[in-house]
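# Reading the structure
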Amino acid sequence: MADPQTRLILLTAPEAGPDLRDRLARAVAAGDVAAVILRLPPGDERALVNAVKAVAPAVQEAGAALVLAGGGGIDLATVASRSGADGVHVPAAEAEAAPAEAESEGDDEEEDAGKGPLHALRERLRDGRILGVGGIRSKHAAMQAGEAGADYILFGDDPGLPIDDLVARLAWWVEIFETPCIALARDLASVPDLVATGAEFIGLDSALWAGEGGEAAVAAAQAHILNRPAGGEG
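What comes next is a walk through the structure. Note that the coordinates shown come from a computational prediction; the quantities given were computed from them, not determined experimentally.

### Some points on helix 1 (residues 20-28)
All of the buried residues in helix 1 are Leu20, Arg23, Leu24, Ala27 and Val28. Along helix 1, the residues classed as buried sweep out an arc of 120° about the axis, all on the same side. Residues of helix 1 that are buried make contact with strand 1 (7-11), strand 2 (33-40), helix 2 (45-60), helix 9 (206-209) and helix 10 (214-227).

### Some words on the pattern of salt bridges
For the structure on display, the rule yields 12 salt bridges. Across the salt bridge formed by Arg7 and Asp32, the nearest N and O atoms sit 2.8 Å from each other. Residue Arg7 is located in strand 1, and its partner Asp32 is located in the loop between helix 1 and strand 2; the two are separated by 25 residues in the primary sequence. According to the relative accessible area criterion, Asp32 is partly exposed, its value standing at 29%.

### Some details on the sheet that holds strand 8 (residues 201-204)
Strand order in the closed barrel formed by eight strands is 1-2-3-4-5-6-7-8, and the pairing between neighbours is parallel. The average undirected angle you get between the axes of adjacent strands in this sheet is 25°. With four bridges joining them, strand 7 (residues 181-185) and strand 8 adopt parallel strand pairing. The residue of strand 8 that forms the bridge with Ala185 is Leu204.

### Observations concerning the side chain of Arg169
Looking at the secondary structure, you find Arg169 in helix 7 (residues 163-176). Notably, Arg169 is buried but unbridged: the nearest opposite-charge side chain belongs to Asp158, and the N-O separation is 6.7 Å. Not counting residues up to four positions away in its chain, the partners in contact with Arg169 are Ile136, Arg137, Ser138, Lys139 and Phe155.

### Looking at the packing of aromatic side chains
If you walk through the whole model with that rule in mind, you get four aromatic pairs. With a centroid separation of 5.7 Å and 65° between ring planes, the pair formed by Trp172 and Trp173 is classed as edge-to-face. Given a relative accessible area of 14%, Trp172 falls into the buried group. Ring centres of Trp173 and Phe177 lie 4.2 Å apart, and the angle between their planes is 25°; on these two criteria the pair is classed as stacked. The exposure class assigned to Trp173 is buried, which follows from its relative accessible area of 1%. A residue is classified by how much of its surface remains accessible, and Phe177, at 25% relative accessible area, is partly exposed.

Reading guide: rules and limits
- Residues numbered from 1 in each chain as written.
- Predicted model: local features only at pLDDT ≥ 70, side-chain atom pairs only at ≥ 80, totals over all residues.
- Heavy atoms only, no water.
- Buried < 20%, exposed > 50% of the residue type's maximum accessible area, 1.4 Å probe, protein only.
- Helix = DSSP H or I, 4+ residues; strand = E, 2+ residues; numbered from the N terminus.
- Arc of directions from axis to C-beta.
- Contact = heavy atoms within 4.5 Å.
- Salt bridge = Lys/Arg side-chain N within 4 Å of Asp/Glu carboxyl O.
- Pairing = 2+ DSSP bridges.
- Axes fitted to C-alpha atoms, helices over the stretch in contact; angles between N-to-C directions.
- Lys, Arg positive; Asp, Glu negative; His and termini not counted.
- Phe/Tyr/Trp six-rings, centres within 6.5 Å; stacked < 30°, edge-to-face > 60°.

Here it is as structure tokens:
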């Protein structure tokens, strides 16, 4: 049996279609889904808040968290607050420290000058909402995100990253750091190898589950989790 902490995360496509709520309801019921990362299309704040509110019950009433991503540069923290979503997911580029524009006069100012946008976002989410970080392209970026207070790190959303390299990076992270990680699966065949790294969560890309009958893919991923030991055993 796999470690009981290994759970599923579903990622949606930005243009998910009008039946997204129904498809999400079926998908989250098909496995042990901890959260849905809802990728929002570009739009104004009011439209995005309404879009989130339309699908939120299908996720949250099933006991899963709803985390917002995308939005074309919109203020995700505000959209999350107004819509009742459980958190936000941002790219690792926002973990980069903003350069100081001028020499600081005191210790406190020097410390603040080295903090980037992700630190500020973490402060805004002190109400208990989740802060997730993806777009990881290096070990350094992953460590920066963890130091900034991310609740999880998503690995594998770089389509050019070979599966062997993804597995190696996950194993490195799990061995050294306490911040949970999501291993993004782009096909069901990779799920056992990703589970074996000890990653706390397996993410399912929208291409795997968002089509007709996608709940079967969620169930298949769940079966892989239950039948493959985690942590590199077996």
